[in-house]
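Below are the chains, spelled out letter by letter.
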Amino acid sequence: MSSTTTIQPSQRELWGHPVGLYILFFTEMWERFSYYGMRALLTLYLVQKTTADNPGLGWLNSESIMLYGWYTMLVYVMSIPGGMLADKIFGQKKAVLYGALILVAGHGILAFDQMWAFYTGLALIILGVGLLKPNISTMVGGLYKEGDIRRDKGFSIFYIGINLGSLLATFIVGYVGETIGWHYGFGLAGIAMLFGLMVYLYGQKFLVHVGNKPTEQEKKEDVSLVQLFAKLSQSPLQLGIVLLICAYAVYAGFTYDGVDNWAYTALYIFIAMVAGVMMMIYKNLTTQILKDRFLVLLLSFLIVIVFWGAFEQAGGLMSIYTSEKTDRIFMGWEIPATWFQGLNAGFIILFATLVAGFWAKRKLKGKEASSLFKMAVGTMIMGLGFVFMIFAAKEYNANGSSAMYWLVFAYLFHTIGELCSSPVALSFITKLAPVKYASLMMGVYFAATGLGNKVAGILGENASEYGEYAVFSGITIFTVLFGILVLAMLKPLKRLTHGAEDDEREIREQEKFDLAQQEHKN
């Protein structure tokens, strides 16, 4: 007598990973196609002269980088309310769906050649990414049981999807936008997002165990932000810190130069509110282990800000530098400037599994391979990539143009650094974040990424005053020294994680089980 067990779609595996990973892979691939396609065009469209054959808006370089910094920051900062809505109302699965619908509308509106459409489209993209981005990443973590070593590899595979979309976008959308028309490129990005939405709807049967709407019991057990802020009013030290930041925010509004002075006021008030929430979450945690891990998690956000503050020169300063100061002639043909942004994505597709495999083997051999170690090393490698941009700027100052190979080497180092740091940071959050704040902390991670983007914009703006050579040199020195400082603090920081990464192993599905609760452990 024999018996068989019916394998549900949500339990199926493909190439050693849950099938749901590949649904999220392709959803994110098309979403990133739309985002990076538009990102590749944005600063170039802004600075293109209004009298050109393919006219742009004719802005100054500093003005375009300023808008780029604010836009890319807001895209990621909106992940905080996106994560909160998922945790308290929609669940991650519905939040991703609503975000995808808004993104389809936003990218579609950008296809119209009107200023109202331009700003409306940007606003909708900000809202859509805020709902989709943090929650789809949380769903990836929820596909794996606690302690499953495949989690890091799963995030690396997911990361390939992100960069496959980016690679295709920079070549296809970049070419269409630069050579045919900017708004045709924007419209093409909208069509790609529609494909992503269709994939996500098709794959719902593989995702029934992750990202579901919170139950009434979970809502009851959850601590609301209203309660956190009520407790903040009773905590003099924490309240004083928040009020001090708010006071500086008002000061910035009256004293900062530029058209965005009051935008900085709003930014600092937002930072004050986030700082207040983080302090009260820490105070609300019930065990010392949770408190220690939370502190390490907050430090990892600082690493994230530093990393992306340097890395995101790619879409701003480096994009304009490529267009205006790089000799892009190859065999009599001028390579589109947007295509160079695709180098990062192409290198990631080539090296992602190799880098992930290197770290996994290193960990299994008992060598140092903690997430913090990888993030610090990745930041240093990425920073060293700007050494090649220093040489490029020096060559431009001497000859009036610089060679393309400096960009290739710079993007190669940036890519290796990114592969060491960024996918690991995503996975690290799912290991250390308190259970009830999982999506919120993922949102804070993307908000930290957004602040890094704003730092990148500020640095890029300063290039018009101090020059690219000084900016690239400063980035190199700071990132390397910062990485060294994190490595010097590695042992005490690892102790504060209380072995969160010590017992990882490969776990495969052998029997039917309910993953609904596991989702909230990740």
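Residues numbered from 1 in each chain as written. Predicted model: local features only at pLDDT ≥ 70, side-chain atom pairs only at ≥ 80, totals over all residues. Heavy atoms only, no water.

### Some remarks on the overall build of the chain
- Helix and strand counts for the chain come out as 21 helices and four strands.
- The principal-axis extent of the C-alpha atoms belonging to the chain is close to 75 × 65 × 50 Å.
- The proportion of buried residues among the 522 residues of the chain is 58%.
- Of the contacts formed within the chain by residues at least 6 apart in sequence, a portion of 81% connects residues at least 24 apart.
- Approximately 22,100 Å² of the chain is accessible, and the part contributed by carbon and sulfur atoms is 65%. (Helix = DSSP H or I, 4+ residues; strand = E, 2+ residues; numbered from the N terminus. Buried < 20%, exposed > 50% of the residue type's maximum accessible area, 1.4 Å probe, protein only. Contact = heavy atoms within 4.5 Å. Areas by Shrake-Rupley, 256 points an atom, 1.4 Å probe, with all protein chains shown as cover.)

### So, the pattern of salt bridges
- Counting across every chain of the model gives six salt bridges.
- With a shortest N-O distance of 2.6 Å, Arg32 and Glu31 are connected by a salt bridge. Take Arg32 and Glu31: they sit in the same class, and that class is buried. (Salt bridge = Lys/Arg side-chain N within 4 Å of Asp/Glu carboxyl O.)

### Digging into a nonpolar patch on the surface
- On the surface, Tyr175, Ile180, Tyr184 and Trp333 cluster together to form a nonpolar patch covering roughly 470 Å² of accessible area.
- Along the chain, Trp333 turns up in strand E4 (residues 333-334).
- Trp333 gets classed as partly exposed once you look at its relative accessible area, which sits at 40%. (Patch = residues over 30% accessible without salt bridge, like charges linked within 9 Å, V, L, I, M, F, W, Y side chains within 5 Å.)

### With respect to unusual backbone geometry
- For Met331, which is not glycine, the phi torsion reads 55 degrees and is therefore positive.
- As for its placement among the helices and strands, Met331 is situated in the loop between strand E3 (329-330) and E4.

### Considering the packing of helix H2 (residues 61-77) against helix H3 (residues 79-90)
- Packing of H2 against H3 brings their axes to within 5 Å, and their N-to-C directions diverge by 15 degrees. The orientation of H2 with respect to H3, classified from their angle, is roughly parallel. Residues Val75, Tyr76 and Val77 of H2 touch H3, and the partners they reach there are Ser79, Ile80 and Pro81.
- Classifying every residue of the contact of H2 with H3 gives five nonpolar, one polar and no charged. (Axes fitted to C-alpha atoms, helices over the stretch in contact; angles between N-to-C directions. Parallel < 35°, antiparallel > 145°, perpendicular 65-115°, else oblique. Nonpolar A, V, L, I, M, F, W, Y, C, P; charged D, E, K, R; others polar.)

### Observations regarding a positive patch on the surface
- Where like charges cluster on the molecular surface, the positive patch consists of Lys153, Lys361, Lys365 and Lys367.
- Structurally, the position occupied by Lys153 is in helix H6 (residues 150-180). (Lys, Arg positive; Asp, Glu negative; His and termini not counted. Charge placed at Lys NZ, Arg CZ, Asp CG, Glu CD.)

### Looking at the packing of helix H4 (residues 92-110) against helix H7 (residues 182-202)
- Two elements in contact, H4 and H7, have axes separated by 7 Å at closest approach and are oriented at 160 degrees. The pairing of H4 with H7 is recorded here as roughly antiparallel in orientation. By crossing handedness, the relation of H4 to H7 is classed as left-handed. Each of Gln92, Lys93, Val96, Leu97, Ala100, Leu101, Leu103, Val104, His107, Gly108 and Leu110 in H4 lies in contact with H7, whose residues at this interface are His183, Phe186, Gly187, Ala189, Gly190, Met193, Leu194, Leu197, Tyr200 and Leu201.
- Taken together, the residues of the contact of H4 with H7 sort by class into 14 nonpolar, six polar and one charged. (Left-handed = near helix turned anticlockwise from the far one by under 90°.)

### Considering the packing of aromatic side chains
- Taken as a whole, this structure holds 36 aromatic pairs when the rule is applied.
- Ring centres of Tyr45 and Phe186 lie 5.6 Å apart, and the angle between their planes is 90 degrees; on these two criteria the pair is classed as edge-to-face. Highlighted residues: Tyr45 in helix H1 (residues 19-47) and Phe186 in helix H7, separated in sequence by 141 residues. Summarising the burial analysis for this pair, Tyr45 and Phe186 share the class buried.
- Taken together, a centroid distance of 5.7 Å and an interplanar angle of 15 degrees make the contact between Phe307 and Phe311 stacked. (Phe/Tyr/Trp six-rings, centres within 6.5 Å; stacked < 30°, edge-to-face > 60°.)

### Brief notes about the environment of Ser137
- Within the fold, Ser137 resides in helix H5 (residues 115-142).
- Each C-alpha atom, one on Ser137 and one on Gly174, is 26 Å from the other, the two residues being 37 residues apart in sequence.
- Leave out the neighbours within four places in its chain, and Ser137 touches Phe155, Phe158, Leu426, Met442 and Phe446.

### Points about the nonpolar core
- Formed by 149 residues in total, the largest nonpolar core has its most connected members in Leu24, Tyr71, Ile281, Met389, Met441 and Tyr445.
- The element contributing the most residues to this core is H1, with 16 residues.
- Ignoring sequence-local partners within four residues, the contact set of Tyr71 consists of Tyr35, Met38, Leu42, Leu122, Ile125 and Ile126. (Core = buried A, V, L, I, M, F, W, Y, C linked by side-chain atoms within 4.5 Å.)

### Description of the environment of Asn261
- With respect to the helices and strands, the residue Asn261 is situated in helix H11 (residues 261-284).
- Given the relative accessible area of 13%, Asn261 is considered buried.
- Taking the C-alpha atoms as reference, Asn261 lies 9.8 Å from Val250; in sequence the two are eleven residues apart.
- Apart from the residues within four sequence positions on either side, Asn261 is in contact with Ala252, Gly253 and Tyr256.

### Some points on helix H12 (residues 288-311)
- Taking 1.5 Å of rise per residue, 24 residues should cover 34 Å, and H12 covers 35 Å from first to last C-alpha, within 8% of that figure.
- With respect to burial, H12 is a largely interior element, 17 of its 24 residues being buried. (Expected span 1.5 Å × (residues − 1).)

### Focus: helix H16 (residues 386-399)
- Over its 14 residues, H16 extends 20 Å from the first C-alpha to the last, a length consistent with the 20 Å expected when each residue adds 1.5 Å.
- Residues of H16 that are buried include every one of Phe386, Phe388, Met389, Ile390, Ala392, Ala393 and Glu395, and no others.
- Against H12, helix H13 (317-325), helix H15 (371-384), helix H17 (404-432) and helix H19 (468-488) lie the buried residues of H16.
- Just beyond H16, the residue with positive phi is Gly400, at close to 90 degrees.

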